[in-house]
Amino acid sequence: MSTFFIGCLFATATAVAALDPPNLKRFTFNISEGAVAPDGVPLPMKLVNNQLDYPIIVDRGDTVSITINNNLKESTSIHWHGLDMRGTPWYDGAEMVSQCPIQPGSSFVYEFNVGNQTGTYWYHSHSHLQSATGLKGPFIIRDPNEPAHIQYDDEFIMTITDHFHIAPDLLLANYYGARDPAPSSALINGLGRSDCRNAQAGGIEDYCVLDNPWTVFPVTKGKRYLVRVINTSAEAGFTVKIDHHDMTIISADGHYTTPTNVNEFQITAGQRYSFLFVATGSETDNYWITATMEDMYTSSGSKFAPEFSSTTRAILRYQSAPLTEPPLLSSSPSSSSPSSSSSQRLNVFQLGQLNGTPTDKMPSFARQMRLRFAVSGKAAIQNKTVGTMKLDINGDPAFEGQYHTPRTPTLKDVVTVGRDLSGGKSNSVNVVNGESVLLIVENDDVIDHTFHLHGHSFLVINGGNTKEKERRQDTTTRSATFPRRDSIQVPGCVGTGEGACSPGFVSLLIHFDNPGVWLFHCHIDWHLAAGLVISFVNTNFGDVGKGIPPDFWTC
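Please read these numbers as outputs of a predicted model, since none were measured by experiment.

**Side note on the overall build of the chain**
Inference 1: From N to C terminus, the chain includes five helices and 34 strands.
Inference 2: Buried residues in the chain amount to 59% of all 555 residues.
Inference 3: Sequence separation of 24 or more characterises 77% of the internal contacts of the chain that already satisfy a separation of 6 or more.
Inference 4: Summed over its atoms, the accessible surface of the chain is roughly 21400 Å², and 50% of this surface lies on carbon and sulfur atoms.

So this is what it looks like as structure tokens:
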């Protein structure tokens, strides 16, 4: 299914829950490997219930029970990206952090309450780069009390992802010299198109389907639509726009924002935006929806395959339009949205939270932490790529090292003995329940790196570059409220190259009020695997730990 309609999918996905209490929704994930050709090139991918992007749709306050049946030949785990897991941190889904692996041929049940969270989230495997090969999908929490200005006739889900013809685990095994693997194509709702005519002979591209179909979003002239956009990529960021249509951003990472009119926006790996648009086009025309991939690869020496195209597409089809593709337009913002007198691009650092914390009232914080990171090739270990995190707390060095997956889940250690037993290998940082921390993340790389925090959201106090301040929250341009996110890009450095340029940075205000072990990591899959991870440990469990199911720890 290439177009997500919220109403019908919700009825289908929750039919099994008819006999359960009203606020309990049950789902089953039969995870398996199957042959699919999302961009016209057939290859094996990880599927949920025999499909890509299988959705979960629930309501605010629901308890969700998801049974995982692992039919793969390797272990798995599922992380619920953006969900707080408040009161049930053992269901966060990070393998060997909050739980043991779900072994091949076994089953596991995640059961948690979504609380007061609403909006657009997603799930993905947190094991073996399985997310990059399909094990992921939307997680939508409907809000029965949406703000009055958010009115629409229908809604869509739109997933955008990079896509690889070479198995990601093989790419990781050959991940040398910090050369991030370049994708083969990109998909919108599980469909894209490889340029078969330019593909090299002798590979799986020999079986490429010419003119593979695009996802189609059917609309009716005059109606207003809500679109929930999720970037589920391994690395790629995209710029999204709809030809001849403007958009109003109303939510970011599950948090309502001040309504912001744009004609295009950037969305990086792990992020979500919801926008409204009115179908003002001709009822007999089709229009392109485009997602243009940022080049995050050639600066490290990676090369794109001949069949690669930087722009993937979907079709916005009006009710009386022919079943044909729209004409190609110029990629300039002015041509895609003639109603705009100038380009209206989203400034992520000024997308304030609706009714959020005012920017003229800086919240207090107990400690200041400064995090620097690096991804580099290490000749001493066969030129493997290594990620290192260097943390200072109030100016004093805390640690510098690569994250290593612990032998026992960190949460198990904390619950049973009160501390992390990894011997420093899990880059753990103890936090006090109820304290606020100002975390400054600096980036010496030339590309943006998106970082994601498990179990919490944060305020984005500032962001940009230490030399060029146009993207910072300066007093003359800042929004009325701070943005609230769980995934934020740290801008790349500016200058003559890595190691000789002015670092990019973000300043984040995190309020730690959710006991558990929570990862903070780069959401570029290769960098996560290389070790760009720290663990925040909040040990003030009280009675929370008593809720861990019997025999939960199987490793």
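**A look at the sheet that holds strand E19 (residues 286-293)**
Inference 1: Here we have five strands laid out as an open sheet, ordered E12-E20-E19-E14-E17, and mixed in their pairing. On the outer flanks of this sheet lie strand E12 (215-219) and strand E17 (265-267), each paired with one strand and no other. For this sheet, the mean inter-axis angle between neighbouring strands, taken without regard to orientation, is 25 degrees.
Inference 2: Here strand E14 (residues 238-242) pairs with E19 via five bridges, running antiparallel. Looking at E19, one finds that Thr239 is bridged to Thr292.

**Here we look at the environment of Phe164**
Inference 1: You can see Phe164 is positioned in the loop between strand E10 (154-163) and helix H2 (168-173).
Inference 2: Distance in space between the C-alpha atoms of Phe164 and Thr133 is 7.6 Å, their sequence separation being 31 residues.
Inference 3: If sequence neighbours within four positions are ignored, Phe164 has contacts with Leu43, Ala132, Leu171, Pro181, Ala182, Pro183, Ser184, Ala234 and Trp526.

**Quick word on the confidence of the model for the chain**
Inference 1: For the chain, per-residue confidence averages 90 on the pLDDT scale, and 90% of positions sit at 70 or higher.
Inference 2: Scored below 50 in pLDDT, residues 330-342 makes 24 contacts in the model with residues more than four places away or belonging to other chains.

**Considering the packing of aromatic side chains**
Inference 1: Tallied over the entire structure, the rule returns 31 aromatic pairs.
Inference 2: Put simply, the rings of Phe29, Tyr54, Trp80, Trp90, Tyr91, Phe108, Tyr110, Phe112, Tyr123, Phe139, Phe552 and Trp553 touch in pairs and so form one group of aromatic residues.
Inference 3: Across from the ring centre of Trp288, 4.9 Å away, lies the NZ or CZ of Arg313, which sits over that ring.

**Some remarks on the sheet that holds strand E33 (residues 516-522)**
Inference 1: Taken together, five strands build an open sheet; the order of strands is E24-E34-E33-E26-E29 and the sheet is mixed. Among the strands making up the open sheet, the edge pair consists of strand E24 (428-430) and strand E29 (487-490). Going from strand to strand, the sheet's axes swing by 20 degrees on average, the running direction of each strand aside.

**What about the environment of Lys46?**
Inference 1: Considering the arrangement of structural elements, one finds Lys46 in strand E3 (residues 43-48).
Inference 2: The spatial distance from the C-alpha of Lys46 to the C-alpha of Thr133 is 5.8 Å, given a sequence separation of 87 residues.

**Section: the pattern of salt bridges**
Inference 1: Summed over the entire model, instances satisfying the criterion amount to 18 salt bridges.
Inference 2: Among the ionic pairs, Lys25 bridges to Asp62, the shortest N-O distance being 2.8 Å. One end of the pair, Lys25, is in strand E2 (residues 24-36); the other, Asp62, is in the loop between strand E4 (56-59) and strand E5 (63-70), and 37 residues separate them in sequence.
Inference 3: For Lys25, a relative accessible area of 9% corresponds to the buried category.
Inference 4: Asp513 is paired through a salt bridge with Arg86; the nearest N and O atoms lie 3.4 Å apart. With Asp513 in the loop between strand E32 (504-511) and E33 and Arg86 in the loop between strand E6 (78-81) and strand E7 (107-113), the pair connects residues that are 427 residues apart, well separated along the chain.

**Describing the nonpolar core**
Inference 1: In this structure, Phe265, Phe520 and Phe536 are the most contacted members of the largest nonpolar core, which totals 77 residues.
Inference 2: Ignoring any residue separated from it by four or fewer positions in sequence, one finds Phe536 in contact with Met369, Val429, Val431, Leu439, Leu453, Phe512, Gly516, Val517, Trp518 and Phe520.
Inference 3: Counting residues in each nonpolar core, the second largest holds 40 residues, with Tyr54, Ile66, Phe139 and Phe541 among its members.

**A word on helix H4 (residues 410-417)**
Inference 1: By the burial criterion, the buried members of H4 are Thr410, Leu411, Asp413 and Val414. The arc that holds every buried residue of H4, seen down its axis, measures 160 degrees, which confines them to one face.
Inference 2: Structurally, H4 contributes buried residues whose contacts are with E33 and strand E34 (533-538).
Inference 3: Gly418 occupies a position one or two residues after H4 and carries a positive phi of about 90 degrees.

**Thoughts on unusual backbone geometry**
Inference 1: For Met96, which is not a glycine, the phi torsion comes out positive at approximately 65 degrees.
Inference 2: Mapped onto the secondary structure, Met96 falls in the loop between E6 and E7.
Inference 3: Phi at Asn427 takes a positive value of approximately 50 degrees, unusual for a residue other than glycine.
Inference 4: Here Asn427 lies in the loop between H4 and E24.
Inference 5: Classification of Asn427 by relative accessible area gives buried; the value is 2%.

**Observations regarding the state of the cysteines**
Inference 1: Using the criterion set out here, one finds three disulfides in the structure.
Inference 2: The residue that forms a disulfide with Cys493 is Cys501, at a sulfur-sulfur distance of 1.9 Å. A torsion of -65 degrees about the S-S bond marks the disulfide between Cys493 and Cys501 as left-handed.
Inference 3: Given the relative accessible area of 13%, Cys501 is considered buried.

About the thresholds
Residues numbered from 1 in each chain as written. Predicted model: local features only at pLDDT ≥ 70, side-chain atom pairs only at ≥ 80, totals over all residues. Heavy atoms only, no water. Helix = DSSP H or I, 4+ residues; strand = E, 2+ residues; numbered from the N terminus. Buried < 20%, exposed > 50% of the residue type's maximum accessible area, 1.4 Å probe, protein only. Contact = heavy atoms within 4.5 Å. Areas by Shrake-Rupley, 256 points an atom, 1.4 Å probe, with all protein chains shown as cover. Pairing = 2+ DSSP bridges. Axes fitted to C-alpha atoms, helices over the stretch in contact; angles between N-to-C directions. pLDDT = per-residue confidence, 0-100. Phe/Tyr/Trp six-rings, centres within 6.5 Å; stacked < 30°, edge-to-face > 60°. Lys NZ or Arg CZ within 6 Å of the ring centre and 35° of its normal. Salt bridge = Lys/Arg side-chain N within 4 Å of Asp/Glu carboxyl O. Core = buried A, V, L, I, M, F, W, Y, C linked by side-chain atoms within 4.5 Å. Arc of directions from axis to C-beta. Disulfide = S-S within 2.5 Å.

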